[in-house]
Amino acid sequence: MRLVCFPPPQLSSNGFSLLSLSSPFRSAFSVASVLDPFPLFSRVILSQAMEADIQFMQEALAEARAAATAGEVPIGAVLIHKGKILSRSGNRTIRDNDPTAHSEMVVLREAARHLGNYRLADTTLYVTIEPCSMCAGAIIQARVPRLVYGADDPKGGAVRSCFEILSHPCLNHHVEITAGILAADCTSILQSFFAERR
């Protein structure tokens with residue numbers, strides 16, 4: 001399993017982590033940044049893959065906001081197939097009277113029907129919150145190759161917070177995981193939703 005977590009380590013005001021530099025380089029870098037206000041590492045350049053992850057996570061956030069408007073817990077998901085959105089949804093458990101209608105489950109079902117195959121090869125699943133054990137199991141069964149999620153779920157996350165289902169050594173399918181994309185936005189929408197109901 002390959003787990004990539006964002007945001008990256010704390011950066012200095014120059015946009016570069018000074019902790020990773022040995023002390024002679026650290027002081028040289030500090031002097032250089034005083035002399036040159038735009039040093040080589042002054043900006044983080046996003047790769048095309050990172051830009052795509054952010055773009056699709058914003059789509060998942062839109063689904064989460066729509067779910068909140070409908071009175072559902074605001075979690076959203078989109079499934080990408082060959083660079084295009086194949087299915088999208090927010091949570092639907094209340095509207096559908098279905099305890100399994102988490103956003104991930106809804107998009108996996110819709111995508112499988114659309115492709116005519118329960119195996120979802122060449123896909124990436126974007127979810128605003130770390131999937132639960134039910135959704136992680138469905139991700140395994142669907143053979144989704146990659147998962148990107150926003151915020152960890154310390155009370156029920158089944159990727160790394162409470163369980164590590166997607167990387168369990170007994171399973172014959174492992175998922176590439178990228179965590180922490182737009183995590184603050186994903187957390188904020190949940191916190192606002194529950195704060196309004198207290």
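K.L.:
Help me understand unusual backbone geometry, please; the structure alone is not making it clear to me.
P.N.:
Keep in mind that most residues, glycine aside, have a negative phi and that most peptide bonds are trans. Phi is positive for D122, which is not a glycine, with a value near 60 degrees. Structurally, D122 can be placed in the loop between α4 (103-115) and β4 (123-129). Notably, L182 is not glycine yet its phi reads approximately 55 degrees, a positive angle. Residue L182 is classed as partly exposed on the basis of its relative accessible area, which comes to 22%.

K.L.:
What am I meant to see in the layout of surface pockets here?
P.N.:
Once rolled over the atoms, a probe with the size of a water molecule shows which space is left empty. Roughly 430 Å³ of volume is contained in the largest pocket. In this structure, the largest pocket is lined by 20 residues; those nearest its centre are I75, I129, D153, L190 and F194. Broken down by element, the lining of the largest pocket gets its largest block of residues, four residues, from helix α6 (residues 183-196).

K.L.:
Can you help me understand the confidence of the model for the protein in this one?
P.N.:
The predicted coordinates ought not to be read in detail in places where the model reports low pLDDT. When the pLDDT values of the protein are averaged, the result is 84; 77% of them are 70 or greater. Contacts from residues 8-42, a stretch scored under 50 in pLDDT, to residues over four places away or in other chains number 26 contacts.

K.L.:
Sorry, what's going on with the pairing of strand β5 (residues 146-151) here?
P.N.:
The two faces of the sheet receive side chains in turn, since in a regular strand these alternate between them. For β5, the tally of buried residues reaches six of six residues, placing the bulk of the element in the interior. Looking at chain direction, β4 and β5 are connected through five bridges and run parallel. By the bridge assignment, L125 is partnered in β5 with L147. Bridge analysis of β5 against strand β6 (residues 176-179) gives four bridges, and the strand direction is parallel. Note that in β6 the partner of Y149 across the bridge is A179.

K.L.:
What exactly am I supposed to notice about the packing of α4 against helix α5 (residues 133-141) here?
P.N.:
Think of two packed helices as two axes; the pair is described by the angle between the axes and how far apart they sit. The interhelical angle for the contact between α4 and α5, taken along N-to-C directions, is 25 degrees, at an axis separation of 9 Å. Of the possible angle classes, the one that applies to α4 and α5 is roughly parallel. Here the hand of the crossing between α4 and α5 comes out left-handed. Counting all contacts with α4, which are made through E104, M105 and L108, the residues of α5 involved are M134, C135, A138 and I139. A class-by-class count of the residues in the contact of α4 with α5 yields six nonpolar, no polar and one charged.

The rules behind these values
- Residues numbered from 1 in each chain as written.
- Predicted model: local features only at pLDDT ≥ 70, side-chain atom pairs only at ≥ 80, totals over all residues.
- Heavy atoms only, no water.
- Helix = DSSP H or I, 4+ residues; strand = E, 2+ residues; numbered from the N terminus.
- Buried < 20%, exposed > 50% of the residue type's maximum accessible area, 1.4 Å probe, protein only.
- 1 Å grid on protein atoms, 1.4 Å probe; cavity = no way out; pocket = protein on both sides within 12 Å on 5 of 7 lines; lining within 4 Å.
- Points joined across faces, edges and corners; volume = space filled by probe spheres on them.
- pLDDT = per-residue confidence, 0-100.
- Contact = heavy atoms within 4.5 Å.
- Pairing = 2+ DSSP bridges.
- Axes fitted to C-alpha atoms, helices over the stretch in contact; angles between N-to-C directions.
- Parallel < 35°, antiparallel > 145°, perpendicular 65-115°, else oblique.
- Left-handed = near helix turned anticlockwise from the far one by under 90°.
- Nonpolar A, V, L, I, M, F, W, Y, C, P; charged D, E, K, R; others polar.

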